[in-house]
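# Survey of secondary and tertiary structure
What follows is each chain in one-letter form.
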Amino acid sequence: MHTARANVHRSKTRPPILSAIALALAIAVFASPAAPEQKPATPELLPTGQSITPTAAPGANFQKLNPGQAGHPERFVGDAVSTVLSPDGNTLLVLTSGYNQWYDAAGKKDLTLSTEYIFVFDVKTNVPRRRQAIPIPNAFGGIAWHPDGARFYVAGGVDDVIRSYAKNADIWAESGSAIPLGHSAGLGLAVKPMAAGVAVTQDGKRLVVANYENDSVSIVDLVTRKVTAELDLRPGKSDPARAGTPGGEFPYGVVVRGNSRAYVSSVRDREIVVVDLDAKGHVAAHIALHGNPNRMALNRAGTRLYVAEDNSDTLAAVDTATNQVLAELGVTAPREILSKLSGFKGSNPNSIALSRDEKTAYVTLGGANAVAVVRLAPDGLPTSVAGLIPTGWYPHSVSLNRAGTALFVSNGKSSTGPNPGACRNNLGKNEEKEKNQEERARCHASNQYALQLTQGGLLNVPVPPAAALAELTRRVSLNNRWTEIMASNAASERLRALRGKIRHVIYIVKENRSYDQVLGDLEKGNGDPRLAILPEPISPNHHQIARQFVTLDNFLVSGGVSGDGWNWSTAARTTDALEKSLHVEYASRGLSYDYEGANRNINVGIPGVAERVRANPVNPADLDLLPGAADLAAPDGPGSPGGQAGAGYLWDSALRAGLTLRNYGFFLDTTRYDMKADLPGHIDAIRDPRAQNVVVAFPTKPALAAVTDPYFAGFDQRLPDYWRFKEWEREFDSYVSNGNLPALEFLRISHDHFGSFSTAIDGVNTVETQMGDNDYSLGLILEKIAESPYAKDTVVFVVEDDAQDGPDHMDAHRTVALVAGAYVRQGPVVSRRYTTVSMLRTIEDLLGMLPLGLNDAAAAPMADVFSSDYIPWTYTAKVPAILRTTQLTLPPAAAAGAGAMEDARFSHSLHDAAWWQARMGGQNFDVEDDLDTGRFNRALWLGLVGPDVPFPRRTTGVDLSLNREELLRKFRAARKN
């Protein structure tokens, strides 16, 4: 069936399974690099507002993951999600599962480098020595040793296979053909299978693999190398009387006790599924947990199962004889610190290693960038957190050396630095039609897409003595700004003083632009005009708002792409399920876009199957397909009523505070816009849905159902933002008449994403017109507020969800952030480093809302933006000249203020819709970020700047000594006839 999200999975090709020759060449990486030098523990700032100090512990060493391929000595990879130590303790395997795409010098995807990797480390000495980097086409975290230590197994992710590896003359290589698991598709709409966690029985005869997208486990006979049984973990599939009962969904981690029992973590349903490994396998029990389980560990006797739980931030201990949870201990910090963190969550426990004497459990805290040292009682129950050890950014896995004296911790992320090339390196369709091959090649070869610049690493650290642990715990607390929570964050007093004066906040989130791309040509602030391909004549309102109010030239988005960007923008955090899947999904290695309330392209905000089918007839009428309203990637919030899981978004906090709110476009089911027009449930681009009585907004969050404008369309690049403004204006006028403007409004205008050129309406079908439309709509919103009675008590916050589709000379995370309205300072440049989390904290402080989690509770609010005294303000929207070429309703050019920024040089698009459609052929604009961004950005540069201005390459800084007009001369000359 061609369903609503059939195009969600990228049309871009995946790397094929490596040939035997290519594999043999790629794995022959035996040069032992020198031991990494220990760097001083200088805190490194992250775009989340946190810092990291991975080498703070005595004797710690941190090394990036370098596959060591000839010709690429400085190529590092990211998303190191799994570590496993060999039975003899001499070899450590580190598996990546993430983006990891690469282009060669000719600008073509290098199929031998665009893979995941199994890093093989010799750990007989104090410092891990890389011996090999084995490419594997795809993976999703599943890796396990055979008990004999002579073999290991890796689940092949979207390839739906198990790969085995053996050693031959000191070379580890794939042994035999891959074992197929036999899935043609995953569950849901347009979902592929995904092989995840694996574990081997004690006798080494069988392997159990979690089928993440099929809600099942497969049992593999390792002698015959065949699947002997597959067991659906959902209660309704084994017992029809329990049809529609949540359970067993999104199985990720697997551990096996002996030869007869397996434990499988069901991430969405917050439970452990106990599986008896008899001939066909059967579910023996479902063990309910408070948090989302992922990785697990068994003690040697097999009597205790330890489970890392995201969202609840706990470590659970389960009695394997009774399948009862005996304890769930909060592991974010030692008790004396934890008691002062007000119950805020976000440390994201995600893996466990037990000490040799089983008196200690080491738990990675992905969200806190640390390892928790947890004391275990003689009966195996966790009793307390003894301390914390700093790590790299987002640790995923921890292993202990055989002697029990050192930890190996892999992490997934790093800071990006500048990205003037701003390329993403996976090609879309019609690559052969791409012109200007040399320029395109230069762009792709720079390998500067945000997810390429995000790199993982391996930390090895001696187990610290108690005396050192206290100082390391303090360091982690400082890195995460927990001291600000414990001190009640007095820095926000200025904003608290504005409560009651500022009574309304309008929060606008847009799509994907970097600071330099839009504001690089602003006459003040730290911009690079050479990168300003959307300059003031195309975006006059962005420039005027930044100029008139506060120029924020050091604002970083906390997310890297839309998937995590929308969660940082609404929840000030991500969950572990999101962190593990995001980069895999963005690399077209399987999975669906599960980050804005849909799971497997199903709107789980509608809990009933019949209701889902009524809302979208393409949804399967299967009672066991994602029953209930649980959302895989949703964060929990503090004080959720009735213990409601996943209630950790800004709107949840507003409702808990008793505030009124209205939602325009946030977290909607976008499948209705991008499905084929002849399918039932399709929604076309409609200028005035209310006039036609057509509902175009279907929220994916139950909390938003009653507060969402049903006539405000979500992400749909066919529809100009102008019509979104008109629908918002209709309700705003009503609020003015009735004197009941909500305290908090969420407003999404997304045409700065660009796309759908051939189907866009009203002639808004080029990059210039779409940016102009987005800009003008923003100006109209501000003008409307300025001319209303609410001008005196309303503040507008504007931010991009991410900056992935634009270059920036300072940082790939630096973006356009605007604040305007009552009590906002006028004219200054504020260069203090702020982040998305800072903006959320500011909104919370102004409206008297509780923070959502550890990050925003600790964040510095944007106090420098505000004045204690009211400053009268006005605003008149400026019409970009380019919009005169469209059919939008515009004021006459001679009207006061309307033509003030209209520049004849920018009065027409350099290329028409057909050019853009041909240039962007094969790109999918129906869903956020489903693009070949390298090719997309190259086309933007060529179409807006022209071939005479070289595409920028990466630099560590920028020379602004040249005259700005001179830097822009060639750019503007290209727009003259």
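Preceding this section is the structure that the text describes.
My aim in this report is to walk through the structure given alongside it, one point at a time. (Residues numbered from 1 in each chain as written. Predicted model: local features only at pLDDT ≥ 70, side-chain atom pairs only at ≥ 80, totals over all residues. Heavy atoms only, no water.)

### Observations concerning the overall build of the protein chain
- A tally of regular secondary structure across the protein chain gives 23 helices and 42 strands.
- Here the analysis covers contacts within the protein chain between residues at least 6 apart in sequence; of these, 67% occur between residues at least 24 apart.
- With an accessible surface of roughly 30400 Å², the protein chain has 52% of that area assigned to carbon and sulfur atoms. (Helix = DSSP H or I, 4+ residues; strand = E, 2+ residues; numbered from the N terminus. Contact = heavy atoms within 4.5 Å. Areas by Shrake-Rupley, 256 points an atom, 1.4 Å probe, with all protein chains shown as cover.)

### Considerations on the packing of helix α17 (residues 721-738) against helix α18 (residues 767-786)
- Packing of α17 against α18 brings their axes to within 8 Å, and their N-to-C directions diverge by 15°. In terms of their interaxial angle, α17 and α18 are classed as roughly parallel. When the axes of α17 and α18 are compared, the crossing they make is right-handed. The segment α17 lies against α18, with Asp721, Tyr722, Phe725, Trp728, Glu729, Phe732 and Asp733 engaging Asp773, Asn774, Tyr776, Ser777, Leu780, Ile781, Lys784 and Ile785.
- The residue makeup of the contact of α17 with α18, split by class, is eight nonpolar, two polar and five charged. (Axes fitted to C-alpha atoms, helices over the stretch in contact; angles between N-to-C directions. Parallel < 35°, antiparallel > 145°, perpendicular 65-115°, else oblique. Left-handed = near helix turned anticlockwise from the far one by under 90°. Nonpolar A, V, L, I, M, F, W, Y, C, P; charged D, E, K, R; others polar.)

### Description of the sheet that holds strand β16 (residues 226-232)
- An order of β13-β14-β15-β16 is seen for the four strands of this open sheet, with the pairing classed as antiparallel. Whereas interior strands pair on both sides, the edge strands pair on one side only; in this sheet they are β13 (195-200) and β16. Each adjacent strand pair in this sheet contributes to an overall mean axis angle of 25°, direction not counted.
- Examined bridge by bridge, strand β14 (residues 206-211) and strand β15 (residues 216-221) share six bridges and lie antiparallel to one another. Across the sheet, Val208 pairs through a bridge with Ile219, a residue of β15. (Pairing = 2+ DSSP bridges.)

### So, the packing of helix α11 (residues 562-571) against helix α12 (residues 576-586)
- Two elements in contact, α11 and α12, have axes whose closest approach is 9 Å; the angle formed by their N-to-C orientations is 145°. Taken together, the residues of α12 that come into contact with α11 (itself represented by Ser562, Gly563, Asp564 and Asn567) are Leu578, Leu582 and Tyr586.
- Looking at side-chain class alone, the contact of α11 with α12 contains three nonpolar, three polar and one charged residues.

### Section: the environment of Glu511
- Mapped onto the elements, Glu511 comes out in the loop between β32 (504-510) and α9 (515-519).
- The exposure class of Glu511 is buried, given its relative accessible area of 0%.
- When the C-alpha atoms of Glu511 and Phe754 are compared, they prove to be 9.0 Å apart, with 243 residues separating the residues in sequence. (Buried < 20%, exposed > 50% of the residue type's maximum accessible area, 1.4 Å probe, protein only.)

### Topic: unusual backbone geometry
- At Arg225, a residue that is not glycine, the phi angle is positive and equals roughly 60°.
- Summarising the element assignment, Arg225 is placed in the loop between β15 and β16.
- The phi dihedral of Phe667 is positive, around 50°, even though this residue is not glycine.
- Looking at the element boundaries, Phe667 is found in the loop between β37 (661-664) and α15 (671-674).

### Some words on the pairing of strand β39 (residues 794-800)
- Most of β39 sits out of view: seven of its seven residues are buried.
- Burial of the side chains of β39 extends over both faces: Thr794, Val796, Val798 and Glu800 are buried on one face and Val795, Phe797 and Val799 on the other.
- The sheet contact formed by β32 and β39 spans seven bridges and is parallel. Directly across from Ile506, in β39, lies its bridge partner Val796.

### Overview of the pattern of salt bridges
- This structure, assessed with the given rule, holds 46 salt bridges.
- Lys726 is the salt-bridge partner of Glu729, the closest N and O atoms lying 2.9 Å from each other. You can see Glu729 and its partner Lys726 sitting in helix α17, three residues apart, about one turn around the helix.
- Given the relative accessible area of 14%, Glu729 is considered buried.
- Among the ionic pairs, Arg814 bridges to Asp808, the shortest N-O distance being 2.9 Å. (Salt bridge = Lys/Arg side-chain N within 4 Å of Asp/Glu carboxyl O.)

### Details of helix α10 (residues 540-548)
- Where burial is concerned, most of α10 is hidden: eight out of the nine residues are buried.
- Taken as a whole, α10 has its buried residues at Pro540, Asn541, His542, His543, Gln544, Ile545, Ala546 and Gln548.
- Contact partners of the buried residues in α10: β32, α9, β33 (551-552), α18 and β40 (817-821).

### Quick word on the sheet that holds strand β17 (residues 251-257)
- Ordered by their spatial adjacency, four strands build an open sheet running β17-β18-β19-β20, and the pairing between neighbours is antiparallel. Every interior strand has two partners, whereas the edge strands, β17 and β20 (282-288), have only one. Neighbour to neighbour, the strand axes of the sheet diverge by 25° on average, direction disregarded.
- Pairing between strand β19 (residues 271-276) and β20: six bridges, direction antiparallel. The partner of Val273 across the bridge, within β20, is His286.

### Description of the pairing of strand β4 (residues 80-85)
- Counted residue by residue, β4 has five buried out of six residues, so it is predominantly covered.
- With five bridges joining them, β4 and strand β5 (residues 91-96) adopt antiparallel strand pairing. Residue Leu85 lies in a different strand from β5, and its bridge partner there is Leu92.
- In this structure, the hairpin formed by β4 and β5 is closed by a connection of five residues, where Gly89 is found at a positive phi of approximately 80°.

### Comments concerning the environment of Leu626
- Mapped onto the secondary structure, Leu626 falls in the loop between α13 (609-615) and α14 (650-656).
- By relative accessible area, which is 0% here, Leu626 ends up buried.
- Between the alpha carbons of Leu626 and Thr245 there is a distance of 9.1 Å; along the sequence they are 381 residues apart.
- Ignoring any residue separated from it by four or fewer positions in sequence, one finds Leu626 in contact with Glu249, Phe250, Arg268, Asn599, Arg600, Ile602, Val604 and Arg612.

### Notes on α12
- For α12, the tally of buried residues reaches eleven of eleven residues, placing the bulk of the element in the interior.
- Taken as a whole, α12 has its buried residues at Asp576, Ala577, Leu578, Glu579, Lys580, Ser581, Leu582, His583, Val584, Glu585 and Tyr586.
- Ser588 sits one or two residues past α12 and shows a positive phi near 60°.

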